[in-house]
Amino acid sequence: KVDPRLLWEDIFHTLIDMPTRRLIALVTVAYFVFALVVALLFYFVSSDCGLEIDTFSEAMIFSVETTTTIGFGIRNEDPYMEGCSGGMVILFFVMVASTILDAMLLGLIYARISRADKRGRGF
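Residues numbered from 1 in each chain as written. Predicted model: local features only at pLDDT ≥ 70, side-chain atom pairs only at ≥ 80, totals over all residues. Heavy atoms only, no water.

A few words on the packing of aromatic side chains. Applying the stated criterion to the full structure yields four aromatic pairs. Measuring from ring centre to ring centre gives 6.5 Å for F34 and F93, while their planes differ by 45 degrees; the resulting arrangement is tilted. Separated by 59 residues along the polypeptide, F34 in helix α3 (residues 20-49) and F93 in helix α5 (residues 85-113) bring together distant segments of the chain. A relative accessible area of 13% places F34 in the buried class. A residue is classified by how much of its surface remains accessible, and F93, at 40% relative accessible area, is partly exposed. (Phe/Tyr/Trp six-rings, centres within 6.5 Å; stacked < 30°, edge-to-face > 60°. Helix = DSSP H or I, 4+ residues; strand = E, 2+ residues; numbered from the N terminus. Buried < 20%, exposed > 50% of the residue type's maximum accessible area, 1.4 Å probe, protein only.)

With that settled, consider the packing of α3 against helix α4 (residues 56-68). Relative orientation of the contacting elements α3 and α4 amounts to 120 degrees, with a least axis distance of 8 Å. With respect to the hand of their crossing, α3 and α4 are arranged in right-handed fashion. On α4, the residues touching F32, F34, A35, L36, V38, A39, L40, F42 and Y43 of α3 are F56, A59, M60, F62, S63, V64, T66 and T67. Counted by class, the contact of α3 with α4 contains 14 nonpolar, three polar and no charged residues. (Axes fitted to C-alpha atoms, helices over the stretch in contact; angles between N-to-C directions. Left-handed = near helix turned anticlockwise from the far one by under 90°. Contact = heavy atoms within 4.5 Å. Nonpolar A, V, L, I, M, F, W, Y, C, P; charged D, E, K, R; others polar.)

Our focus in this paragraph is α3. An ideal rise of 1.5 Å per residue puts 44 Å on 30 residues; α3 measures up with 41 Å between its terminal C-alpha atoms. Residue Y43 marks the point of greatest curvature in α3, where the axis turns by about 30 degrees. Looking only at α3, the buried set comprises L23, V27, F34, A35, V38, A39, F42, V45, S46 and C49. On the buried face of α3, the contacting elements are α2 (11-16), α4 and α5. (Expected span 1.5 Å × (residues − 1). Bend = angle between axes of the 7 residues up to and from the residue.)

Right under this line is the structure:
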């Protein structure tokens, strides 16, 4: 039996050695939780920043649009959130955090695919 503290001390190799289905589930949960947190932040500043977000589901859609950078379409006439500094700070946080999250998860997937010990067993 492995001591759980060892797994947390070397989280990178713990994730690389994790079964594929569990890793996919973990990545999905990570993106979903991140989108939920961002949706809550946008929902709370919506009225101050003129985002025209009335329901949490609209906030969730806006969060996914922001996190995945697929664009916003036309939400309102003012694309600059009416000069709202809170919205700008959240938007900056989301862009930086989502880029870091993407880089970490893509690096994990790349490291997992290119492992020499797994490829060597196939020969």
